[in-house]
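An overview of the molecular structure
Here are the chains, one letter per residue:
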Amino acid sequence: DLQAQLDRDQTYADAMQNKINSLTADFTARDDPAQRAQIARDKQKSLDELSRLKQTIQSDKKAIADLEEEARRAGVAPGWLRS
């Protein structure tokens, strides 16, 4: 479950980065100040979300490492955690 969550969060972060790249290109291509302002707001929201996702990914990785360490201490065979 932890690995699946990490995979989902990483996929979402990649999608968010693509959205940010697209908004950056769209912002550059616009001349209308109102449109540019809206795009800038959308981009900032996306940047904030990407930052949150990066923190979540770090937490996901730590949870996996903690689980693996706990299993190692309990004497669980390493292959049992891979499925």
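Look a little higher up for the structure.
Described below are features of the structure shown in this document. (Residues numbered from 1 in each chain as written. Predicted model: local features only at pLDDT ≥ 70, side-chain atom pairs only at ≥ 80, totals over all residues. Heavy atoms only, no water.)

Let's shift gears to the environment of Leu2. Take Leu2: it is sitting in helix 1 (residues 2-29). For the pair Leu2 and Ala63, spaced 61 residues apart in sequence, the C-alpha separation works out to 7.4 Å. (Helix = DSSP H or I, 4+ residues; strand = E, 2+ residues; numbered from the N terminus.)

Another aspect to go through is the packing of helix 1 against helix 2 (residues 33-73). Where helix 1 contacts helix 2, the two axes come as close as 9 Å, and the packing angle between them is 160 degrees. In terms of orientation, helix 1 and helix 2 fall into the roughly antiparallel class. For the pair helix 1 and helix 2, the crossing hand works out as left-handed. Each residue belonging to the contact of helix 1 with helix 2 can be placed in one class, and the counts come to 17 nonpolar, eight polar and 10 charged. (Axes fitted to C-alpha atoms, helices over the stretch in contact; angles between N-to-C directions. Parallel < 35°, antiparallel > 145°, perpendicular 65-115°, else oblique. Left-handed = near helix turned anticlockwise from the far one by under 90°. Nonpolar A, V, L, I, M, F, W, Y, C, P; charged D, E, K, R; others polar.)

Here we take up helix 2. Look at helix 2: 60 Å from first C-alpha to last across 41 residues, which is about the 60 Å you get at 1.5 Å a residue. Every buried residue belonging to helix 2 is among Ile39, Ser46, Leu50, Leu53, Ile57, Asp60, Ile64 and Ala71, and all of these are buried. Of the surrounding elements, those touching the buried residues of helix 2 are helix 1. Positive backbone phi, at 85 degrees, marks Gly75, one or two positions downstream of helix 2. (Expected span 1.5 Å × (residues − 1). Buried < 20%, exposed > 50% of the residue type's maximum accessible area, 1.4 Å probe, protein only. Contact = heavy atoms within 4.5 Å.)

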